[in-house]
Amino acid sequence: MLGYPGALWFAGDSYVYLGAALRLRPDLSKTTGYSLFLRALEPAHSLTLVTGVQHLMGLGVAVMIYLLARRSGVSKRWATVATLPVLFDGFEIEDEHMVMAEALFTFLVMLAMLLLLWRSRAPWLIALLAGLLAGYAVDVRSEGLPVVVLFPVFLLLRGLRSGGWRNWGGWLAAGVMAVGCLAPVAAYAAWFHSRTGDYALTRSEGFYLWGRVSSFAECSVIKPPADELKVCPAGSPSSRTAPGDYIWHAPQVHDLAGGPVSVANDRLLRDFAIHAIEAQPLGYLHSVLSGLALSVEWPRRPYPDAGTVYYYYFHLKPQTVPANHSWIPGGTAYSDAAQYGRATPSRVVEPFATLIAGYERVFYTYGPLFGVIMLMGLGGVVRIRRPCGRAPRLAWVPRTGSMLPWATAVVLLVFPIAVADFDYRYLLPVLPFACLAAGLAFAPARAKVSQEPDAGLPADQLTAQGSGPS
């Protein structure tokens, strides 16, 4: 906060969010629910306030990890350890200082999860509130779309496990949460329709999915229909750059009449991508697995390109905010930033900037450590058992905690890679849920909850026996 008064900026995304906050409107390429958050803080005319609130959200996420771990009977030591990557990862801190949606998205989803897991049974009102938070999170960052399916399904399965098919309270909670999840998404789609004529969240699904398949697509194998031949990626897959870079430069999409995010062209690109996946399923699988492998590699690669990765670091020179280009009609990036913050959009103050820039380059979650955290989270529910005289085998070992955090981490990791490409920024919302899942691996085995807790038991055992999350 001292080294970089105001905020940091990420390419065009930050300018879209800020422009849409000043002149409320949906965007064709990304959801702008984050702009509503910026709009709420706009009367203060302070980008420092924006980043300050986002840093507090990051701290709040760590607090929620600790609370959920302790609620499940995890010791204070291991509950604290589970928060450390979220608190001290330099890339998490840098992202919280940008005008970007990840901090708000992560906070909303973690708060929804806290409401679901705090009790073994979620009252319908709590389920509704959690659903509204999760639904708004999708408006903030559309890559969270699987969450609005995962959370209600979790409530439904938990209800069925505890009371069977006749557990009407479980059905009600799951149904109410599904309604809560859908309400913000439907409201955004209606808003999008009022401006574009389409009930959708964006018109860029085909654009990004086309980029995904560019990593393996060969038209000689796909044999696409005649109308799709014009969007065949040029050259061999090995000659193309990473999908996250290729889509921004490929003439096949940018030279389309009306642009890649028109109704017709979005459908054309999506249809080609689907045909490519159907014709080359192993190529698609390989591309997704390669993206997952990047998440655990070290050292980090300049992926998808060096220009993108550059934005993920603190630097010792102020950023140049374009004064001659408009992302949202009605103002340039620079004029919007100056209007919103009433100050120079990018400032650097020494020696504080040097301290945090150096810190970020050393203290972060290295790829192999991220992989270990993900495996530890899975270890909370799956263990290796060695029965006497038998070979070791995997066994389901229910803990006092829940598998929901690990499943959430997995879908938030895989979904963006599957529909677009790997990006190091996409790991940031994954890390807190992976850390929570790893912390819950140290929860005691699930025991039946007694009606009257034994007053003679130590506090930690009472915590383990209490009505924690299932």
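Please read all numbers here as calculations on a predicted model, not as lab measurements. Every chain is numbered on its own, with residues counted from 1 as its sequence reads. Reporting of local features is limited, given that this is a predicted model, to residues whose pLDDT is at least 70; pairs of side-chain atoms are given and counted only at 80 or more, and all residues count toward the totals for whole chains, interfaces and linings. The basis for every side-chain value is the complete set of non-hydrogen atoms in the structure, without hydrogens or water.

### Looking at the state of the cysteines
Stage number 1. Disulfides are defined as pairs of cysteine sulfur atoms found within 2.5 Å of each other. Considering all chains together, one arrives at one disulfide under this definition.
Stage number 2. Here Cys219 is linked by a disulfide to Cys232, with a sulfur-sulfur distance of 2.1 Å. Measuring handedness by torsion sign, the sulfur bridge of Cys219 and Cys232 sits at about -115° and is left-handed. Of the two residues, Cys219 is situated in helix 11 (residues 219-222) and Cys232 in the loop between helix 11 and helix 12 (243-246); the sequence distance between them amounts to 13 residues. Runs of E in the DSSP output that reach at least two residues are strands. Runs of H or I that reach at least four are helices, and both are numbered from the N terminus.

### Brief notes about the packing of helix 3 (residues 47-71) against helix 21 (residues 430-440)
Packed helix pairs are specified by the crossing angle of their axes together with the interaxial distance, meaning the distance between the axes.
Stage number 1. Relative orientation of the contacting elements helix 3 and helix 21 amounts to 20°, with a least axis distance of 9 Å. The orientation of helix 3 with respect to helix 21, classified from their angle, is roughly parallel. Here helix 3 runs over helix 21; the crossing is right-handed. In this structure, helix 3 contributes Val61, Ile65, Leu68 and Ala69 to the contact, and helix 21 contributes Pro432, Leu436 and Leu440. Axis lines are fitted to C-alpha atoms, over the contacting stretch for helices. Their N-to-C directions set the angle, which ranges from 0 to 180 degrees. Each angle gets one of four labels, with under 35 degrees taken as roughly parallel, over 145 as roughly antiparallel, 65 to 115 as roughly perpendicular, and the rest as oblique. By definition, turning the near helix anticlockwise from the far helix through less than a right angle yields a left-handed crossing, and turning it clockwise yields a right-handed one. The criterion used for residue contact is that any of the two residues' heavy atoms lie within 4.5 Å.

### Notes on the environment of Val261
Stage number 1. By the secondary structure assignment, Val261 is in the loop between helix 13 (251-254) and helix 14 (263-279).
Stage number 2. Between the C-alpha atoms of Val261 and Arg203, which are 58 residues apart in sequence, the distance is 5.2 Å.
Stage number 3. Not counting residues within four places of it along the chain, the set of residues in contact with Val261 comprises Leu28, Arg203 and Ser204.

### A look at the nonpolar core
Stage number 1. Counting residues in hydrophobic clusters, the biggest one holds 120 residues, and the most contacted among them are Tyr34, Leu38, Phe151, Leu155 and Trp210.
Stage number 2. Sort the elements by how many residues they give to this core and helix 6 (residues 102-117) lands first, with 10 residues.
Stage number 3. In contact with Tyr34, other than residues within four places in its own chain, are Tyr17, Val50, Gln54, Met98, Val99, Met100, Ala101, Leu104, Asp139 and Val140. Among buried residues, the Ala, Val, Leu, Ile, Met, Phe, Trp, Tyr and Cys ones that are joined through side-chain atoms within 4.5 Å form a nonpolar core. Only protein chains enter the accessibility calculation, which uses a 1.4 Å probe. A residue is then buried if its area is under 20% of the maximum for its type, exposed if over 50%, and partly exposed in between.

### What to know about the side chain of Glu360
Stage number 1. Its place among the elements puts Glu360 in helix 18 (residues 352-360).
Stage number 2. Positive: Lys, Arg. Negative: Asp, Glu. His and the chain ends are not part of the count. The salt bridge definition used is simple: a Lys or Arg side-chain nitrogen within 4 Å of an Asp or Glu carboxyl oxygen. Look at Glu360: it is buried, it has no salt bridge, and the nearest opposite charge is Arg361 at 4.2 Å.
Stage number 3. In this view, Glu360 contacts Gly90, Phe91, Glu94, Tyr312, Tyr313 and Phe314; residues no more than four positions away in its chain are not counted.

### Concerning the packing of aromatic side chains
Stage number 1. Only centres within 6.5 Å qualify two rings of Phe, Tyr or Trp (six-membered ring in Trp) as a pair; their planes then separate them into stacked at under 30 degrees, edge-to-face at over 60, and tilted for everything else. Counted under the stated rule, the structure contains 22 aromatic pairs.
Stage number 2. For the ring pair Tyr17 and Tyr34, a centre distance of 5.1 Å and an interplane angle of 80° mean the geometry is edge-to-face. Taken together, the positions of Tyr17 in helix 1 (residues 11-22) and Tyr34 in helix 2 (residues 33-41) put the pair 17 residues apart, joining distant regions of the chain.
Stage number 3. With a relative accessible area of 0%, Tyr34 lands in the buried category.

### Looking at helix 18
Stage number 1. Of all the residues in helix 18, the buried ones are Ala353, Ala357 and Glu360. Each buried residue of helix 18 sits inside an arc of 65° when the element is viewed along its axis, so together they form one side.
Stage number 2. Here the buried face of helix 18 lies against helix 5 (90-96). The directions considered for the arc run from the helix axis to the C-beta atoms.

### Observations regarding helix 14
Stage number 1. Helices are assigned an expected span. That span is 1.5 Å times one less than the residue count. Spanning 17 residues, helix 14 covers 24 Å between terminal C-alpha atoms, matching the ideal 24 Å at 1.5 Å per step.
Stage number 2. Those residues of helix 14 lying buried are Asn265, Asp266, Leu268, Leu269, Phe272, Ala273 and Ala276. An end-on view of helix 14 places all buried positions within 160° of arc, on one side of the element.

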